[in-house]
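Here are the chains, one letter per residue:
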Amino acid sequence: MSEMETGAVNMLTGAALIGSRDVAGEATFRAIDPARNEALAPAFTEAGPAEVEAAAALAAAAFPVYRATTPEQRAGFLERIALKIEAIGDALIARAAQETGLPAARLQGERARTTGQLRLFASWVRAGGADEPRLDSPMPERTPLPRADLRLRHIGIGPVAVFGASNFPLAFSVAGGDTASALAAGCPVIVKGHPAHPGTSELVGRAIRAAVAEAGLPEGVFSLVSGTLNALGAALVGDPRIMAVGFTGSRAGGLALVNIANSRPVPIPVYAEMSSINPVFLLPAALDARAEALGSGFVGSLTLGAGQFCTNPGLVIALAGGDLDRFLASARAALEAAPSATMLTPGIAGAYAKGVATLAQAGATELARGGQEGGPNACRPALFVTDAPAFIGAAGLAHEVFGASSLVVRCADVDEMLAVARAVEGQLTATLHLEAEDHALAARLVPILEEKAGRILANGWPTGVEVCHAMVHGGPFPATSDPCSTSVGTLAIRRFLRPVCYQDLPEALLPAAVRDGNPLNLPRLIDGVPETPREPRS
């Protein structure tokens, strides 16, 4: 381990990071190594209302300065964060693996995704993605009424609260997509670190804090508070200086935050990713052509990471018959050979066991279970079957089970398949496995699925989300609390921006993004026509 990596481990203090200050409290908690059920050092501060008050005051003071930064300044800051995270080295991977039970290779890939999305947002900010300027020229001679000079840009909404997710200790956590998109929008961020991986959170939090200092930004641009009590999250969402919330977690947790946000004197948006079972439709020609391959591929997606992905394929729909029986035989063999894997926390492992039991109690028939081996918090994969009328009639069969569990729905005919599609709740994804002969049926399904899901896939598996410009990681309720947004990809920045129109303002009072001559050299829409930026000088 290098000197820098050793220093990263030694810098763990368990303190809350309030701007540039370390704040230690009397009440503490510890992370748990889920593979061994052992508490880990050090003890971490159980943050509460006092820490939220201090962090929110700093964030509010930082906002006017931070939102006034140029695209280049903000982009450079995001890139600094990426470099600081990479500089932690193997110590970050080792701590994250210890706190989550996830393998090092998975975490290395997640770190690359984390730094990659920071750099993607940096390039998007440079390209004008935060400002999106639009100018409509004045028409003083227009009759019967003249048109004023109208210019629009977007500004950050204000300080943002971000809740780290349990299942992605890097990519959806302290420096994850919600934080990256909020910072790219010009919003200070207060992160509530997930209590399952507080050491990982502190290492990344210190990297962000170092980047804030190097960039010469106000200390309140970033703070990190962690804790196990619901009161911490309630205090954060209820603080009047917080203007938006990003959350990834359970439906109950997300709705609790939505209720707090809506009960404030000034309500604020909560962008909560909550619950999805990601239906997979096996269409007849595809099932006939490749039932066995689909069965093994399905189990590979289902059991990836112990099934702890929000895009896990928790529901499979197909027409009953010999081809579906072939699929089930292949899936059963693959599932029974799949080893148990450690889940993220004892609580998640317990909830998984309860969720599997609930499927059986709701009337589903168990087809297969995975291997018995594993530690105290291991996930035994599970596969259940039912028919379409039972699925439509039993609400409990449609609930998400977080982990490697899935339900196959046998449909007597196409009408039942369409009825199941209409009956499912809002989803992050919906998948179609099809051949050319299936296109007519797929054409009937796609309009239904467009109303149900944020992403529709063909001939793939929903696990794995590309971070890019065209990605949508969102969907109708209960997949998210806001179906008009995404938490992955550059479009995620729009959650933390609001448009401002400037009508007939003197040039000297206009922000640079909408001034004559385009001083920031951004792509702009002029009278509905794209304005191409000048080529940069060599």
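Residues numbered from 1 in each chain as written. Predicted model: local features only at pLDDT ≥ 70, side-chain atom pairs only at ≥ 80, totals over all residues. Heavy atoms only, no water.

Undergrad: Please explain the sheet that holds strand S14 (residues 279-282) as it appears in this structure.
TA: Read across the sheet, seven strands follow the order S17-S19-S20-S15-S14-S21-S22 without closing on themselves; strand pairing throughout is mixed. Both outer strands of the open sheet, strand S17 (365-369) and strand S22 (453-458), are each paired with one neighbouring strand and no more. The mean angle between the axes of side-by-side strands here comes to 20°, regardless of whether they run parallel or antiparallel. As paired strands, S14 and strand S15 (residues 315-319) are joined by four bridges and run parallel to one another. (Pairing = 2+ DSSP bridges. Helix = DSSP H or I, 4+ residues; strand = E, 2+ residues; numbered from the N terminus. Axes fitted to C-alpha atoms, helices over the stretch in contact; angles between N-to-C directions.)

Undergrad: Help me understand helix H11 (residues 322-337), please; the structure alone is not making it clear to me.
TA: Side chains that are three or four residues apart share a direction in an α-helix, a result of its 3.6 residues per turn. Over its 16 residues, H11 extends 23 Å from the first C-alpha to the last, a length consistent with the 22 Å expected when each residue adds 1.5 Å. Those residues of H11 that are buried are in contact with S14, helix H10 (284-303), S15, S17, strand S19 (382-387) and strand S20 (405-411). (Expected span 1.5 Å × (residues − 1). Contact = heavy atoms within 4.5 Å.)

Undergrad: What am I meant to see in the packing of helix H5 (residues 104-126) against helix H6 (residues 177-184) here?
TA: If you want to describe how two helices pack, look at the angle between their axes and the distance between the axes. Between H5 and H6, the shortest axis-to-axis distance is 10 Å and the interhelical angle comes to 20°. In this view, H5 runs roughly parallel relative to H6, as classed from their interaxial angle. Here the hand of the crossing between H5 and H6 comes out right-handed. Facing H5, whose interface residues are Gln117, Leu118, Phe121 and Val125, H6 presents Gly177, Ala180, Ser181 and Ala184. Per-class residue counts for the contact of H5 with H6 are five nonpolar, three polar and no charged. (Parallel < 35°, antiparallel > 145°, perpendicular 65-115°, else oblique. Left-handed = near helix turned anticlockwise from the far one by under 90°. Nonpolar A, V, L, I, M, F, W, Y, C, P; charged D, E, K, R; others polar.)

Undergrad: Would you mind showing me how to read the domain arrangement of the protein here?
TA: Often, the extent of an interface is quoted as the loss of accessible area on bringing the components together. Considered domain by domain, the protein is made up of domain 1 (3-7 + 43-137 + 148-274 + 486-494) and domain 2 (279-458). Placing the centre of domain 1 and that of domain 2 at their C-alpha centroids yields a distance of 33 Å. For the pairing of domain 1 and domain 2, the buried interface totals around 890 Å² over both sides, and the portion due to carbon and sulfur atoms is 56%. When the buried surface of domain 1 facing domain 2 is broken down by residue, Asn167, Arg251 and Glu273 rank first, second and third, together holding 40% of it. Summed over the shared surface of domain 1 and domain 2, the result is one salt bridge. Among the ionic pairs, Glu425 bridges to Arg251, the shortest N-O distance being 2.9 Å. At the surface where domain 1 touches domain 2, the tally comes to two residue pairs in polar contact (both at pLDDT 80 or more). Of the residues assigned to the side of domain 1 that touches domain 2, the class counts are four nonpolar, four polar and four charged. (Domains from an automatic or database assignment. Buried area = accessible area lost by both parts, 1.4 Å probe. Salt bridge = Lys/Arg side-chain N within 4 Å of Asp/Glu carboxyl O. Polar contact = N/O pair within 3.5 Å; in protein donor to acceptor, adjacent residues only side chain to side chain.)

Undergrad: Sorry if this is basic, but what is going on with the sheet that holds strand S7 (residues 134-136) here?
TA: Pairing between sheet strands relies on hydrogen bonds along the backbone, with the strands arranged either parallel or antiparallel. Across the sheet, which stays open at both edges, the five strands sit in the order S23-S8-S7-S24-S25 with mixed pairing between neighbours. If you trace the sheet from one side to the other, it starts and ends with strand S23 (497-503) and strand S25 (529-531), each paired once. Each adjacent strand pair in this sheet contributes to an overall mean axis angle of 25°, direction not counted.

Undergrad: Can you help me understand the pattern of salt bridges in this one?
TA: Any two side chains of opposite charge can pair, so long as their charged atoms come close to each other. One pass over the full model with this rule turns up 25 salt bridges. Two residues, Glu99 and Arg95, come together in a salt bridge whose shortest N-O distance is 2.9 Å. On the criterion of helical spacing, the pair formed by Glu99 and Arg95 is a turn pair, its members being four residues apart in helix H4 (residues 90-100). The pair Glu99 / Arg95 is uniform in exposure class, with both members buried. (Buried < 20%, exposed > 50% of the residue type's maximum accessible area, 1.4 Å probe, protein only.)

Undergrad: Looking at this model, I keep getting lost on the packing of aromatic side chains. Mind explaining?
TA: Given two aromatic rings, one states the distance between the centres and the angle between the planes to describe the pair. Overall, the coordinates contain eight aromatic pairs when judged by the stated rule. Look at Phe163 and Phe247: their rings are 5.9 Å apart centre to centre, the planes differ by 70°, and that puts the pair in the edge-to-face class. Here Phe247 lies in strand S12 (residues 244-248) and Phe163 lies in strand S9 (residues 160-163), a separation of 84 residues in the sequence. With respect to class, Phe163 is no different from Phe247; both count as buried. By way of ring pairs, the aromatic residues Phe168, Phe172 and Phe309 are connected into one cluster. (Phe/Tyr/Trp six-rings, centres within 6.5 Å; stacked < 30°, edge-to-face > 60°.)

Undergrad: Before we go on, may I ask you to explain unusual backbone geometry in this structure?
TA: Among all residues save glycine, negative phi is the norm, and among peptide bonds the norm is trans. Here the amide bond leading from Ala41 into Pro42 is cis, since omega sits at 0°, within 30 degrees of zero. Within the element layout of this structure, Pro42 appears in the loop between strand S5 (38-39) and strand S6 (44-45). In this model, Phe477 is joined to Pro478 through a cis peptide bond whose omega is 5°. If you trace the backbone, Pro478 turns up in the loop between S22 and S23. Here the phi dihedral of Glu132 falls at roughly 45°; this positive angle occurs in a residue that is not glycine.

Undergrad: What's the story with the nonpolar core in this structure? I'm lost.
TA: One broad rule of soluble globular proteins: the nonpolar side chains tend to lie buried together. Counting residues in hydrophobic clusters, the biggest one holds 65 residues, and the most contacted among them are Phe281, Phe327, Phe391, Val409 and Leu445. Residue-level mapping places this core at the junction of two domains, with at least three residues from each of domain 1 (3-7 + 43-137 + 148-274 + 486-494) and domain 2 (279-458). In this structure, Leu445 is in contact with Phe281, Leu283, Met417, Leu418, Ala421 and Leu432, ignoring residues within four places of it in sequence. Counting residues in each nonpolar core, the second largest holds 47 residues, with Leu12, Leu92, Leu170 and Leu217 among its members. (Core = buried A, V, L, I, M, F, W, Y, C linked by side-chain atoms within 4.5 Å.)

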